[in-house]
Amino acid sequence: MVHLAGAVVIAGGFPLLAGVDLEVTSASLTVLSGSNGAGKTSLLRLLGGLVGLSSGEGRVAGVDLARGDRRELRRRVGWLGHEGSFYDDLTVLENLTFAARALALSREGISDALSRVGLSSRAHTPARLLSAGQRRRVGLAWLLVRRAPLWLLDEPYASLDDEGRVLFDDVIGVALDAGATILVSAHQPLGLERAARVLRLAGGRVVGDS
Amino acid sequence: MIRVALLVAAKDLRIEARSRVLLWQVVPFGVIALVLAGLALGPSRAGSSGAGPGLFYLVLVLVALLMITRSHGLERAAGTRSSVATLGLDPAGVFLGKSLALLVELASAALVLASGSVLLLHTSLAGTLRAAPSMTLALAGLAAAGTLYGALSAGEGAATLLPLVALPAMTPLLVAGERAYSAAVSGGALAPWWLILVCALVAYLGLGILLYGVLEDL
């Protein structure tokens, strides 16, 4: 699913990734750990086609990072950033409907997804009125609607309460069982029992693999 | 492309209808600017000086800059840019959709400002109605150019960078629009100004369709 060899990403003259070699197989869970500025988010953004490869080579979800269409890669990933998702002035339902229509997905799964993440009663609430934890749940609902083959989750536990963390773990488990490949970033190694692998990043490089 | 354009336009207009930034902030600003311009000229000179069309377009471009900044600010909110980017939307469709939404918003503002021009600056009502087609072309051009340059000036300091890059590009639209409005008021020929407006609109639409994806990724 993921192949990187000497992947370098430079932004504003500063190397965000300084030569990453990485192989990730399908239907696996990988946790990216490391301190602030280690390169976790940059690596996820590279894998999601949100930043370009400056040098090196890579292939993600069948798309060549150096020569392929990054927009096509973006359509193949489920992204959960550590900020909010979509538009503050739209309601939860409008946001998810917009995203589903954009990808020509069926809207039938939206109400089920909202129910699953406990946001059914907030479907018609503008996103800006939601708490940070509820916004994370909207992002999680979108992942459920989207069912992408590759999930990229940047600090998914941020702002979540204990109930939200359990919910997140459940969803990750179901997605893995369904064959998704999941990469999760975290400041510290998480208590994910199913983590097949924990990568430690520092200075834009992978410095540990366990 | 058309499907994405309609989706994006509907989304932007829905956000505008809910937030009412145009209604409660931008249009009142435009009316105040028009009133101040009228006061600067003096009530007796405003109608007879023929300054109405020029002041209308001057205020309109200020309103347009605010709406362009707002339109692109929606996409730059924390988390929005990455989330929407992973939808992999056709950039030409996004460009056309945002331009269409901006055109509708600018047309709403222009309706109020044109009424203000007639009422406050005593610009001819018949001439203003005769200028409506050229105004529509100018607004469409402003929307297309604004969407294109809004993407170019996205990021930190966008609000101050946008006028610097967009105003020179909008000059043909503003000059031709103002001359067409003046000609409509005074009974002059409109065709040469329509031609300039159509050429500018086609150029900006073509550039936007071709380049918007590149600018989005800058």
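Right above here is the structure, for reference.
The residue count restarts for each chain, going from 1 along the sequence in the order it is written. All chains are assigned letters beginning with A, and all ligands numbers beginning with 1, in the order in which they are written. Predicted model: local features are reported for residues with pLDDT of at least 70 only, side-chain atom pairs are reported and counted for 80 or more only, and whole-chain, interface and lining totals are derived from all residues. Side-chain numbers here rest on the full set of heavy atoms in the structure, without hydrogens or water.

Caption draft 1: Representation of the side chain of Thr125 of chain A. Here Thr125 of chain A is to be found in the loop between helix H4 (108-116) and helix H5 (132-146). Residues count as neighbours in contact if any of their non-hydrogen atoms are within 4.5 Å of one another. When sequence neighbours within four positions are dropped, the list of residues in contact with Thr125 of chain A reads Leu90, Thr91, Val92 and Leu130 of chain A. Runs of E in the DSSP output that reach at least two residues are strands. Runs of H or I that reach at least four are helices, and both are numbered from the N terminus.

Caption draft 2: Broad picture of the interface of chain B and chain A. Listed per partner, the contact involves 25 residues of chain B and 25 residues of chain A. For any pair of parts, buried area is found by adding up, for both, the accessible area (1.4 Å probe) each one loses once the two are put together. Interface of chain B and chain A: buried area, both sides summed, is about 2,400 Å²; carbon and sulfur atoms make up 58% of it. Looking only at chain B, the three residues that lose the most surface to chain A are Arg18, Thr86 and Leu87 of chain B, adding up to 27% of its buried area. By convention in these notes, a salt bridge is any Lys or Arg side-chain nitrogen within 4 Å of a carboxyl oxygen on Asp or Glu. Taken together, the connections running from chain B to chain A amount to three salt bridges. Residues Arg14 of chain B and Glu94 of chain A are paired through a salt bridge, measuring 3.2 Å at the closest nitrogen-oxygen approach. Here a polar contact means two N or O atoms within 3.5 Å. Within protein one must be a hydrogen donor candidate and the other an acceptor candidate, and residues neighboring in sequence count only if both atoms are side-chain atoms. For the interface between chain B and chain A, the tally reads ten residue pairs in polar contact (both at pLDDT 80 or more). Broken down by secondary-structure element, the contributors of at least two residues to the side of chain B that touches chain A are helix H1 (2-19), helix H4 (52-76), helix H5 (80-85) and helix H10 (191-216) of chain B. Per element, the largest residue contribution to the side of chain B that touches chain A is seven residues, and it comes from H1 of chain B.

Caption draft 3: Fine view of the environment of Leu23 of chain B. All names here are of chain B. Among the secondary structure elements, Leu23 is positioned in helix H2 (residues 21-41). The spacing of Leu23 and Ala109 is 86 residues in sequence and 8.5 Å in space, taken between C-alpha atoms. Every residue in contact with Leu23, bar those within four places of it in the chain, is listed here: Glu16 and Pro28.

Caption draft 4: Main features of the sheet that holds strand E2 (residues 14-24) of chain A. Residues and elements named next belong to chain A. If you trace the four strands from one edge of the open sheet to the other, you get E2-E1-E4-E5, paired in antiparallel fashion. Every interior strand has two partners, whereas the edge strands, E2 and strand E5 (63-64), have only one. Where strand E4 (residues 55-60) lies against E5, two bridges are found, and the strand directions are antiparallel. Each bridged residue has a counterpart across the sheet, and for Arg59 the counterpart in E5 is Asp64. Two strands are said to pair when DSSP picks up at least two bridges between them.

Caption draft 5: The arrangement of unusual backbone geometry in detail. Residues and elements named next belong to chain A. Even without being a glycine, Ala61 presents a positive backbone phi close to 50 degrees. Its location among the elements puts Ala61 in the loop between E4 and E5. Classification of Ala61 by relative accessible area gives buried; the value is 14%. For Arg147, which is not glycine, the phi torsion reads 50 degrees and is therefore positive. Of note, Arg147 is situated in the loop between H5 and strand E7 (150-154). For the exposure calls, accessible area comes from a 1.4 Å probe over protein chains only, and a residue counts as buried if that area is under 20% of its type's maximum, exposed if over 50%, partly exposed in between.

Caption draft 6: Main features of the sheet that holds strand E10 (residues 205-209) of chain A. Residue and element names in this part refer to chain A. The strand order E6-E7-E8-E3-E9-E10 describes an open sheet built from six strands, whose pairing is mixed. If you trace the sheet from one side to the other, it starts and ends with strand E6 (77-80) and E10, each paired once. The sheet shows a mean angle of 20 degrees between the axes of neighbouring strands, taken without regard to direction. Here five bridges tie E7 to strand E8 (residues 181-186), and the two strands are oriented parallel to one another. Looking across to E8, one finds that Asp154 is bridged to Ser185. Each of E6 and E7 touches H5; the most contacted strand, E6, lies at about 175 degrees to it. Here an axis means a line fitted to C-alpha atoms, over the contact stretch when the element is a helix, while the angle between two N-to-C directions is reported on a 0 to 180 degree scale.

Caption draft 7: Layout of H2 of chain B. All names here are of chain B. Under the 1.5 Å per step criterion, the end-to-end length of H2 is 29 Å for 21 residues, consistent within 8% with the ideal 30 Å. Note on bend: at a given residue it equals the angle between the axes fitted to the 7 residues ending there and to the 7 starting there. The sharpest bend along H2 measures roughly 25 degrees and falls at Val27, with the proline Pro28 sitting one to four residues further on. Residues of H2 that are buried include every one of Val21, Leu22, Val26, Val27, Gly30, Ala33, Leu34, Ala37 and Gly38, and no others. Just past H2, the residue Gly42 takes up positive phi, approximately 95 degrees. A helix is expected to reach a length of 1.5 Å times the quantity of its residues less one.

Caption draft 8: Focus on empty space enclosed by the protein. All names here are of chain B. Residues are said to line a cavity or pocket when one of their atoms sits within 4 Å of a point; the points come from a 1 Å grid over protein atoms alone, cavities being sets where a 1.4 Å probe fits but cannot get out and pockets being open sets with protein on both sides within 12 Å along at least five of seven lines. Grid points are joined across faces, edges and corners, and a volume is the space filled by probe spheres set on the points. For the structure on display, the rule yields three cavities of 30 Å³ or more. As for the largest cavity, its lining consists of Asp12, Glu16, Met67, Arg70, Ser71, Leu74, Lys98, Ala101, Leu102 and Glu105. Contributing elements (two or more residues each) for the lining of the largest cavity: H1, H4 and helix H6 (91-120). Basically, the charged four are Asp, Glu, Lys and Arg, the nonpolar ten are Ala, Val, Leu, Ile, Met, Phe, Trp, Tyr, Cys and Pro, and anything else, Gly included, counts as polar. The class makeup of the residues in the lining of the largest cavity is four nonpolar, one polar and five charged.

Caption draft 9: Fine view of a nonpolar patch on the surface. Residue and element names in this part refer to chain B. A cluster of nonpolar side chains, contributed by Val31, Ile32, Val35, Leu36, Leu39, Leu111, Val112, Leu119 and Leu120, occupies part of the molecular surface with about 830 Å² of accessible area. Among the elements of the structure, H2 and H6 are those that each provide at least two residues to the nonpolar patch. With respect to the secondary-structure elements, Ile32 resides in helix H2. Residue class for Ile32 comes out exposed when judged on its relative accessible area of 52%. The residues that make up patches have over 30% relative accessible area and no salt bridge, and they are joined within 9 Å when like-charged or within 5 Å when they are Val, Leu, Ile, Met, Phe, Trp or Tyr. Here the accessible surface of atoms and residues is derived via Shrake-Rupley with a 1.4 Å probe, and residues count as covered only by protein chains that are part of the display.

Caption draft 10: A look at the layout of surface pockets. In this model, the largest pocket occupies a volume close to 890 Å³. Surrounding the largest pocket, 40 residues form its lining, Arg45 of chain A together with Arg81, Ser82, Ala85 and Glu216 of chain B being those nearest its centre. Take the lining of the largest pocket: its biggest share by element is four residues, from H5 of chain B. Its residues assigned to classes, the lining of the largest pocket shows 18 nonpolar, nine polar and 13 charged. Put simply, the second largest pocket is a space of about 250 Å³. Those elements that place two or more of their residues in the lining of the second largest pocket are H6, helix H7 (125-130) and helix H8 (132-152) of chain B. A total of seven residues in the lining of the second largest pocket trace back to one element, the largest contributor, which is H6 of chain B. In the lining of the second largest pocket, the residues fall into eleven nonpolar, three polar and no charged.

Function cannot be read off these values alone, since they describe shape.
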